[in-house]
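Topology and contacts: notes
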Amino acid sequence: MGALLIPPALICSCTRGLTRPVSASFQSRPKSPSEQPSYSNVLLQVAWREFQTSVVSWATDTAAKFIGPGAATVGMAGSGAGTGTVFGSLILGYARNPSLKQQLFSSTILGFVLSEAVGLFCLMVTLLILFTT
């Protein structure tokens, strides 16, 4: 196809420099101003600059990390409303026909479990968003 225009040694040094942690880039900088900076050190400085943030953008990022979990907790309110509706329907059904008590109760428990499962899934997503980012 085509020849490789970048020497392999340069590719290795750049890849190694970009995959190292930011703390390693501080330790690998030239100590004296007389040393000539290599191409990999320049890339490390560029990569390091991408991680710098101002106080305002840090506060915005921190606030944005809490918007997702807050939105995920809305489903838990729906779970509570669903549970109330299920048990309210049990009371109405029992008041209309007391002879169906056992059948109404088993259907109510099934509805309660399904409603609470949705609430627990919302809680799980909220905790995943909070503690994995």
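Each chain has its residues counted from 1, running along the sequence as written. Under the rules for a predicted model, residues below a pLDDT of 70 receive no local features and side-chain atom pairs below 80 are neither given nor counted, while totals for whole chains, interfaces and linings still include all residues. Values shown for side chains rest on all heavy atoms present in the structure; no hydrogens or waters enter the calculation.

1. Here's the deal with the overall build of the protein
Helices and strands together make up the secondary structure of the protein, namely six helices and zero strands. Buried means the residue's accessible area, taken with a 1.4 Å probe over protein chains only, is under 20% of the maximum for its type, while exposed means over 50%, and partly exposed covers the values in between. A burial count over the protein gives 16% of its 133 residues as buried. By definition, residues are in contact when any of their heavy atoms lie within 4.5 Å. Long-range pairs, those at least 24 residues apart, make up 65% of the contacts in the protein with a sequence separation of at least 6. For the accessible areas, the method is Shrake-Rupley and the probe is 1.4 Å, while residue cover comes only from the protein chains on display. Carbon and sulfur atoms provide 71% of the accessible area of the protein, an area that totals close to 10000 Å². Every helix listed is a DSSP run of H or I at least four residues long, and every strand listed is a run of E at least two residues long, numbered separately from the N terminus.

2. Here's the deal with the UniProt feature "transmembrane region" (unreviewed entry) in the protein
UniProt positions are given in the numbering used here, feature names are shortened, and annotations may be inferred rather than shown by experiment. Annotation from UniProt places "transmembrane region" (unreviewed entry) at residues 66-92 and 104-131. Helix makes up 96% of residues 66-92 and strand 0%. Its end C-alpha atoms lie 40 Å apart. End-to-end, the C-alpha atoms of residues 104-131 are 41 Å apart, and along that stretch the chain is 100% helix and 0% strand.

3. Considerations on the packing of helix α5 (residues 74-96) against helix α6 (residues 101-132)
For helices, the fitted line uses only the C-alpha atoms of the stretch in contact; every axis is such a line through C-alpha atoms, and the angle between N-to-C directions lies from 0 to 180 degrees. Running from N to C, α5 and α6 cross one another at 175°; their axes reach a closest spacing of 8 Å. Between α5 and α6, the angle falls in the class roughly antiparallel. Facing α5, whose interface residues are G75, M76, S79, G82, T83, V86, F87, L90, G93 and Y94, α6 presents K101, L104, F105, T108, G111, F112, S115, E116, G119, C122 and L123. For the contact of α5 with α6, the class distribution of residues is ten nonpolar, nine polar and two charged. An angle below 35 degrees is read as roughly parallel, one above 145 as roughly antiparallel, one from 65 to 115 as roughly perpendicular, and any other as oblique. Three classes are used, and their members are as follows: Ala, Val, Leu, Ile, Met, Phe, Trp, Tyr, Cys and Pro are nonpolar, Asp, Glu, Lys and Arg are charged, and the others, Gly among them, are polar.

4. Some remarks on a nonpolar patch on the surface
On the surface, F66, M76, L120, L123, L127, L130 and F131 cluster together into a nonpolar patch covering about 680 Å² of accessible area. Here the nonpolar patch gets five residues from one element, more than from any other, and that element is α6. For patch building, the residue pool is restricted to those with more than 30% relative accessible area and no salt bridge; the joining distance is 9 Å between like charges and 5 Å between nonpolar side chains (Val, Leu, Ile, Met, Phe, Trp, Tyr). One speaks of a salt bridge when a side-chain nitrogen belonging to Lys or Arg is within 4 Å of a carboxyl oxygen belonging to Asp or Glu.

5. Regarding the environment of L114
You can see L114 is positioned in helix α6. Exposure remark for L114: the relative accessible area of 53% places this residue in the exposed category.

6. A few points about α6
The terminal C-alpha atoms of α6, which comprises 32 residues, lie 46 Å apart, in line with the 46 Å expected from a rise of 1.5 Å per residue. Along α6, the residues classified as buried are T108, S115, G119, C122 and T126. Helix span is expected to be 1.5 Å times the residue number reduced by one.

7. Section: the side chain of T126
Mapping T126 onto the fold places it in helix α6. Not counting chain neighbours up to four residues away, the residues in contact with T126 comprise P69, A72 and T73.

8. What to know about α5
If you check α5, its first and last C-alpha atoms are 34 Å apart, about what 23 residues at 1.5 Å a residue would give, namely 33 Å. Among all positions of α5, only S79, T83, V86, L90 and G93 are buried.

9. Digging into the side chain of S79
Mapped onto the secondary structure, S79 falls in helix α5. Given a relative accessible area of 5%, S79 falls into the buried group. Among all residues touching S79, those that are not within four sequence positions of it are S115, E116 and G119.

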